[in-house]
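Structure assessment
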Amino acid sequence: MEILSPQEHSYAHIPVMTIEVIDHLNLQPDGAYLDGTIGAGGHATKILAQLSLKGKLIGLDRDAEALEICKNRFGASAHPIFTYKSSYHNFPKILDKLGISKVNGILLDLGLSSMQLKSETRGFSFNSSGALDMRFDKENSFSAVELISQSSEEELANIIFQFGEERRSKRIARSIKSAKNLLTATDLKEAIRRATPPQKRNKSLARVFQAIRIAVNNELERLNKFLGLFIEHLSVGGRIVIMTYHSIEDRMVKHAFRSLKQSGRLAILTKKPIVPTENEIKRNNRSRSAKLRVGEKLI
Ligand SMILES: C[S@@+](CC[C@H](N)C(=O)[O-])C[C@H]1O[C@@H](n2cnc3c(N)ncnc32)[C@H](O)[C@@H]1O
């Protein structure tokens, strides 16, 4: 079991399956690596520890607050680390800027961080009372309140059904759309409460909040774009390591890897996804839905 240092505990986000991620990246000390969802830099710290001063780590995140944490965390690091506020599917443009043609490995750790989930002001959790925002990047996309007000009842039901896999989607969408002045996470929670029976209500709450977050941030579209382009920017022998927390995302990764395997470009190193050990789940309940898939570029 990995023991976290007291300093690592001070960062609210505990990185998931760190040992498995680092093993599968097969890090070369002088290599260039992309952490497309650097967050608080939990995995990035472990990557940097294995790089020489010639190695490079490029860290991206859509969330300016996360990058600020990284700046403080890595500010004094002698290792070359380049952080940018960007969606991971734009990484080829960033590589261009840095004059790097290909990287030796890529990590995506999708979903949201514990800092985001625990934030009282960002509305990601049904336990928060703050404004219903849910944007990873506060500059770009529109907020959850805007998504809800601009969607029809039918569109909202589809979002809840497709991205949240919630079968009471229509009833919940009706209740949300009929709520007056829905502005906070508490208001959304109350609208969902009115449309669901008390048993397993927390599951419905989690599914609806997740669905709206995915829609607000265009998460599946960004993943789809990335899956269509990453192979061109990975060196032969380089590894792609993707951790998902949602069955739709896991299926997208599985299918993209399969089709690259069929064209002879990628070897799949994980026939079945790797999942956290029971010990890890006990230590970090948030890891329970994680699935890790790994591929190695052939040609
Ligand atoms: C699970 S956290 C990553 C945690 C990180 N691996 C660590 O150990 O600290 C996921 C991160 O992905 C970021 N994110 C989500 N969608 C993104 C996208 N399209 N491009 C870049 N970052 C994204 C979120 O803002 C969040 O910080």
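Residues numbered from 1 in each chain as written. Predicted model: local features only at pLDDT ≥ 70, side-chain atom pairs only at ≥ 80, totals over all residues.

**Here's the deal with the packing of helix 8 (residues 153–164) against helix 11 (residues 201–216)**
Following both chains from N to C, one finds helix 8 and helix 11 inclined at 100 degrees, their axes separated by 8 Å at the closest point. Comparing the axis directions of helix 8 and helix 11 gives the class roughly perpendicular. Along the contact surface, helix 8 presents Ile159, Ile160, Phe163 and Gly164, while helix 11 presents Arg207, Val208, Gln210, Ala211, Ile212, Ile214 and Ala215. A breakdown of the residues in the contact of helix 8 with helix 11 according to their chemical character gives eight nonpolar, two polar and one charged. (Axes fitted to C-alpha atoms, helices over the stretch in contact; angles between N-to-C directions. Helix = DSSP H or I, 4+ residues; strand = E, 2+ residues; numbered from the N terminus. Parallel < 35°, antiparallel > 145°, perpendicular 65-115°, else oblique. Contact = placed C-beta atoms within 7 Å. Nonpolar A, V, L, I, M, F, W, Y, C, P; charged D, E, K, R; others polar.)

**Concerning the nonpolar core**
Core analysis: the biggest nonpolar cluster contains 47 residues, and Tyr33, Ile47, Leu57, Ile106, Val241 and Met243 have the highest contact counts within it. Ranked by residue count, the leading element in this core is strand 5 (residues 234–244), at five residues. Apart from the residues lying within four places of it in its own chain, the contact partners of Tyr33 are Leu25, Leu27, Ile47, Leu57, Val103, Asn104 and Gly105. Leu156, Phe163, Ala191 and Ile192 belong to the second-largest nonpolar core, a separate cluster that totals 29 residues. (Core = buried A, V, L, I, M, F, W, Y, C linked by C-beta atoms within 7 Å. Buried ≥ 20, exposed ≤ 12 C-beta atoms within 10 Å, placed from the backbone.)

**Let's talk about the site of the ligand**
The environment of the ligand is formed by 22 residues, the closest being Pro15, Thr37, Gly39, Gly42 and Asp109. Breaking the shell around the ligand down by element, the ones donating at least two residues are helix 3 (42–49) and strand 2 (56–61). Of the residues contributing to the shell around the ligand, the split by class is seven nonpolar, 10 polar and five charged. (Near = placed C-beta within 6 Å.)

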